[in-house]
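Coordinate analysis (summary)
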Amino acid sequence: TYSIHLTKTGIDSLIFSGIDDHADFYQSHQDSVTILTESAIELAYNDKENQAFMNDTTMYGTQFYPEFTSEIIPQYISVRNAAGISVEDLTLSETK
């Protein structure tokens, strides 16, 4: 999991209502958004660049999986292991 930091706009955004700044989220890829379009507004970031943004008030994008909760991750690992798909780091609760 990776910790994200909310911008002032992110803190005020309804999409992050109830989410703490510096919350941990699951991310399983190495892609990153390094440059936002002129009309995009950054909502969250970390050392892997932009993590969430909005364009106007109708389009949002995230680089992480907001649906992956601390309850879902162990189930995800179990399903992958049962299918013979290895999980590199079984301590997924640690922030990298």
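These remarks concern the structure in this document. Residue numbers run consecutively from 1 along every chain, following the written order of its sequence. Given that the model is predicted, a residue must reach a pLDDT of at least 70 before its local features are reported, and side-chain atom pairs must reach 80 or more before they are shown or counted; all residues, however, enter totals for whole chains, interfaces and linings. Here the side-chain values reflect all heavy atoms present in the structure, with hydrogen atoms and water set aside.

Here we look at the packing of aromatic side chains
The geometry of an aromatic ring pair is captured by two quantities: the separation of the ring centres and the angle between the planes. Cut-off, in case you're wondering: Stacked, tilted and edge-to-face are the three classes assigned to paired rings of Phe, Tyr and Trp, where Trp is represented by its six-membered ring and a pair needs centres within 6.5 Å; plane angles under 30 degrees give stacked, over 60 edge-to-face, the rest tilted. The helix and strand labels rest on DSSP assignments: H or I over at least four residues marks a helix, E over at least two residues marks a strand, and numbering proceeds from the N terminus. Throughout, exposure labels follow a simple rule: accessible area from a 1.4 Å probe, protein chains only, divided by the maximum for the residue type, with under 20% read as buried, over 50% as exposed, and the rest as partly exposed. Remark: a charge is flagged as sitting over a ring if the NZ atom of Lys or the CZ atom of Arg is within 6 Å of the ring centre and within 35 degrees of the ring normal.
All chains considered together, the criterion is met by seven aromatic pairs. Between Tyr26 and Tyr65, the aromatic rings sit 5.8 Å apart at their centres with planes inclined by 35°, giving tilted as the arrangement. Of the two residues, Tyr26 is situated in the loop between β3 (24–25) and β4 (40–46) and Tyr65 in the loop between β6 (59–62) and α2 (72–82); the sequence distance between them amounts to 39 residues. Overall, Tyr65 belongs to the partly exposed group, its relative accessible area being 28%. Seen in terms of ring centroids, Tyr65 and Phe68 are 5.6 Å apart; in terms of plane orientation they differ by 50°. Their pairing is tilted. Ring pairing ties together the aromatic residues Tyr26, Tyr65, Phe68 and Tyr76, which thus form one cluster. For the cation-ring pair, Lys48 lies above Tyr2, with the distance from its terminal atom to the ring centre recorded as 5.2 Å.

With respect to the pattern of salt bridges
Here is the rule we go by: Criterion for a salt bridge: a side-chain nitrogen of Lys or Arg within 4 Å of a carboxyl oxygen of Asp or Glu.
Enumeration according to the criterion identifies one salt bridge in this entry. Ionic pairing is found between Asp12 and Lys8, a salt bridge with its closest N-O pair at 2.6 Å. Taken together, the residues span about one helical turn, with Asp12 and Lys8 both in helix α1 (residues 8–12) at a distance of four residues. Given a relative accessible area of 61%, Lys8 falls into the exposed group.

What to know about the nonpolar core
Which entries qualify depends on this criterion: To define a nonpolar core, start from buried Ala, Val, Leu, Ile, Met, Phe, Trp, Tyr and Cys residues and group those joined through side-chain atoms within 4.5 Å. Should any heavy atoms of two residues lie within 4.5 Å, those residues are counted as being in contact.
Ile4, Leu6, Phe16, Ala23, Phe25, Leu43, Ala44, Ala52, Met54 and Phe64 form the largest nonpolar core, which has 10 residues in total. Residue assignment for this core shows that the elements contributing at least two residues are β4 and β5 (49–55). For Leu6, the residues in contact, after removing those within four places along its chain, are Ile11, Phe16, Ile19, Asp20, Asp21, Leu43 and Ala44. Counting five residues, the second-largest nonpolar core is a separate cluster that includes Tyr26, Phe68, Ile73 and Val87.

Structural notes on the sheet that holds strand β2 (residues 5–6)
Applicable threshold: A strand pair is defined by DSSP finding two or more bridges across the two strands.
Read across the open sheet, the four strands follow the order β2-β4-β5-β6; overall the sheet is antiparallel. Of all the strands in the sheet, just β2 and β6 have a single pairing partner and so form its edges.

Topic: the environment of Gln63
Tracing the backbone through its elements, the reader meets Gln63 in the loop between β6 and α2. For Gln63, a relative accessible area of 15% translates into the label buried. Sequence separation between Gln63 and Ser28 is 35 residues; the distance between their C-alpha atoms is 9.4 Å.

Section: the side chain of Asn50
Our working rule: Two N or O atoms form a polar contact when they lie within 3.5 Å of each other; inside protein one atom must be a possible hydrogen donor and the other a possible acceptor, and for residues adjacent in sequence the pair counts only when both atoms belong to side chains.
Note on placement: Asn50 falls in strand β5. A distance of 2.9 Å separates a polar side-chain atom of Asn50 from the backbone oxygen of Val33. Each residue touching Asn50, except ones within four places of it in the same chain, is listed here: Val33, Thr34, Ile35, Leu36, Glu42, Ala44, Tyr45 and Gln63.

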